[in-house]
Amino acid sequence: MTEARASRTEDRGPKTEDGSVLTLDIESIAAGGDGVARSGGLVVFTPRTAVGDRVAAGVAESIEHRGPDRVEPECAHYERDRCGGCQLQHISIAAQRDAKRRIISDTLRRIGRRDVELPEIRAGANAWRYRRKLTLALRRAGNSWIAGLHAFDNPARVFALNDCTISDERLMVVWREILAAQAHFPSAIQLRGAVRLLGATTNRAAFVLEGGRDWPAAEAFFKAVPSLAALWWAPESGSRRLLGDRRTTNEPGASFTQVNPELAAKLEAFVVERVMSYAPATVVDAYSGSGDVAVQIAARGVRVIAIELDSEASAWAASRLPPGSRAVSARVEDALRNTLPADVVILNPPRTGVDARVTTVLSKAAPAPRAIIYVSCDPATLARDLSRLPAWKIANVTAFDMFPQTAHVETVVELVPVTA
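In what follows, the accompanying structure is described.

**Here we look at the pattern of salt bridges**
Here comes step 1: For the structure shown, the criterion picks out 31 salt bridges.
Here comes step 2: Two residues, arginine 129 and glutamate 169, come together in a salt bridge whose shortest N-O distance is 3.9 Å. Placement of the pair is arginine 129 in the loop between β8 (120–122) and β9 (133–141) and glutamate 169 in helix α3 (residues 169–180), with a sequence separation of 40 residues.
Here comes step 3: Across the pair aspartate 168 and arginine 170 runs a salt bridge, and its minimum N-O distance is 2.9 Å. Arginine 170 shares its class with aspartate 168; the two are buried.
Here comes step 4: Each of Glu333, Asp334, Asp355 and Arg357 takes part in salt bridges that share partners, so that together they form one network.

Here it is in structure tokens:
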């Protein structure tokens, strides 16, 4: 079936033969958050719509009838600045979660050729103010800088962010300190910065700045922002380097971390429980990050090998693993073969999914692991990777609403050999 996208700003939307606008009834929510309608053999995607909306689409889009799932967005930037950080603030949280369940099921069926029921979705108490990391674009505006996000329908435009209602308020405090010290930024037209909270109850934060070729005022900047416990800089065409450090431990501050601590703890506990249900003696934790899951499993007397490319995160994992377990700093596709056999393998890759060499190694492993626990933040790459594992069947799919108000969802798939 042919696809089209309804336009808000250009005369390219779906129309009838006489050029008039179409009336579209929104039937479902697509993986990216757009509403889905059908008209004359076309599947039409319309942003910022809800199931049950009746939309007049063409040169511009307007809501003729509000669906029962539609709510008023809480963030002023969502409609005023057309913020692209969230995609689903206009939909009730219950409907968001139902849509995510359907996205997972539909994607696994369409791409992965796996028929699964609508998965259970687990959620936290907070649908707002849950993020502990906020990455913003920095743009020159005359003689000063603005920090903000991109408009969803014009990625080249960056608006000044006053507040982000899905982010911890402490992040905004640190970001205001950073902007107050902008006189010490590197010379550049544009930069990109990420603030990550390190403490559960304090404003201690790490900051990673990307861009610029020279930063002679880095030390002055670090002194001017007292909330920063650590400062990293990734210059143009250069690798990330640590420029300032007030941390009292070697806790990573620039490595990947889940942005929602409440749901991250629930997800980790779930993964540990599913791994331990197989009574393993050996476990490989691939894409292990800073090793939180590996450390919990090793504490239960299991020998764990944690594979992680990021050297800082791998070192932190190594420092916490007990004797008998170890951390390997390498690409998973390069190291996995030499860590097998294992009773259970955990895969927790980035959004791009696993390298094809990983699924090849697992497909040929002898003896095969008793289970693979795959943790994914992208249903499409998850489904692709499952299609590369035909000798494995799905025992369970569980979703976690790690990113409320956005179209993203975390999924845990438990795989066992077909012969099991």
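From this point, the narrative continues.
**What about the environment of phenylalanine 403?**
Here comes step 1: Positionally, phenylalanine 403 belongs in the loop between β21 (392–400) and β22 (410–417).
Here comes step 2: When its relative accessible area of 9% is taken as the criterion, phenylalanine 403 is described as buried.
Here comes step 3: Separated by 26 residues in sequence, phenylalanine 403 and cysteine 377 have C-alpha atoms that sit 9.9 Å apart.
Here comes step 4: Every residue in contact with phenylalanine 403, bar those within four places of it in the chain, is listed here: Lys100, Tyr130, Gln258, Val259, His408, Val409 and Glu410.

**Considerations on the environment of arginine 122**
Here comes step 1: Along the chain, arginine 122 turns up in strand β8.
Here comes step 2: Those residues in contact with arginine 122, other than ones at most four positions away along the chain, are Leu263, Phe270, Thr398, Ala399, Phe400 and Asp401.
Here comes step 3: Within the structure, the side chain of arginine 122 is placed 3.0 Å from the side chain of glutamate 120, a separation counted as a polar contact.

**Some remarks on helix α10 (residues 379–387)**
Here comes step 1: Taken as a whole, α10 has its buried residues at Pro379, Thr381, Leu382, Ala383, Asp385 and Leu386.
Here comes step 2: Its side-chain oxygen at 2.8 Å from the backbone nitrogen of alanine 380, aspartate 378 defines the N-terminal cap of α10.

**Focus on the sheet that holds strand β13 (residues 205–210)**
Here comes step 1: Read across the sheet, seven strands follow the order β11-β10-β9-β12-β13-β14-β15 without closing on themselves; strand pairing throughout is mixed. Either end of the sheet is taken by a strand with one partner, and the two such strands are β11 (154–160) and β15 (241–245). For this sheet, the mean angle separating the axes of adjacent strands, direction not counted, is 30 degrees.
Here comes step 2: Across five bridges, the pairing between β9 and strand β10 (residues 144–151) is antiparallel. Across the sheet, the residue bridging to alanine 141 is serine 144, located in β10.
Here comes step 3: Strands in contact with α3 are β9, β10, β12 (190–197), β13 and β14 (228–234); relative to β12, the strand with the most contacts, it is inclined by about 140 degrees.

**So, the side chain of serine 167**
Here comes step 1: Checked against the element boundaries, serine 167 lands in the loop between β11 and α3.
Here comes step 2: Discounting residues that sit within four places of it in the chain, serine 167 has contacts with Arg129, Arg131 and Leu134.

**Quick word on the packing of helix α2 (residues 93–110) against α10**
Here comes step 1: The interhelical angle for the contact between α2 and α10, taken along N-to-C directions, is 35 degrees, at an axis separation of 9 Å. As α2 packs across α10, the resulting crossing turns out to be right-handed. Residue-level inspection shows Ile103, Ile104, Thr107 and Leu108 of α2 in contact with α10, the latter providing Pro379, Ala380, Leu382, Ala383 and Leu386.
Here comes step 2: Of the residues in the contact of α2 with α10, the class split is eight nonpolar, one polar and no charged.

Reading the values: the criteria
- In this convention, every chain numbers its residues from 1, walking through the sequence in written order.
- Side-chain atom pairs in this predicted model are given and counted only at pLDDT of 80 or more, local residue features only at pLDDT of at least 70, and totals for whole chains, interfaces and linings cover all residues.
- Side-chain descriptors were evaluated using all non-hydrogen atoms of the structure, hydrogens and water having been removed beforehand.
- The salt bridge criterion pairs a side-chain nitrogen of Lys or Arg with a carboxyl oxygen of Asp or Glu, the two atoms within 4 Å.
- Here a strand is any run of E in DSSP of at least two residues, a helix any run of H or I of at least four, and the numbering for each starts at the N terminus.
- Exposed residues in this analysis have more than 50% of their type's maximum accessible area, buried residues have under 20%, and partly exposed residues fall in between, with area computed by a 1.4 Å probe over protein chains only.
- Note on contacts: a residue pair qualifies if any of its non-hydrogen atoms lie within 4.5 Å across the two residues.
- Polar contacts, as counted here, are pairs of nitrogen or oxygen atoms within 3.5 Å of one another; within protein the pair requires one atom able to donate a hydrogen and one able to accept it, and residues that are adjacent in sequence qualify only if both atoms are side-chain atoms.
- Strand pairing follows a simple DSSP-based rule, namely that at least 2 bridges must link the two strands.
- Throughout, an axis means a line fitted to C-alpha atoms (over the contacting stretch in the case of helices), and angles, computed between N-to-C directions, take values from 0 to 180 degrees.
- Each crossing gets its hand from how the near helix is turned against the far one by less than a right angle, where anticlockwise is left-handed and clockwise is right-handed.
- Three classes are used, and their members are as follows: Ala, Val, Leu, Ile, Met, Phe, Trp, Tyr, Cys and Pro are nonpolar, Asp, Glu, Lys and Arg are charged, and the others, Gly among them, are polar.

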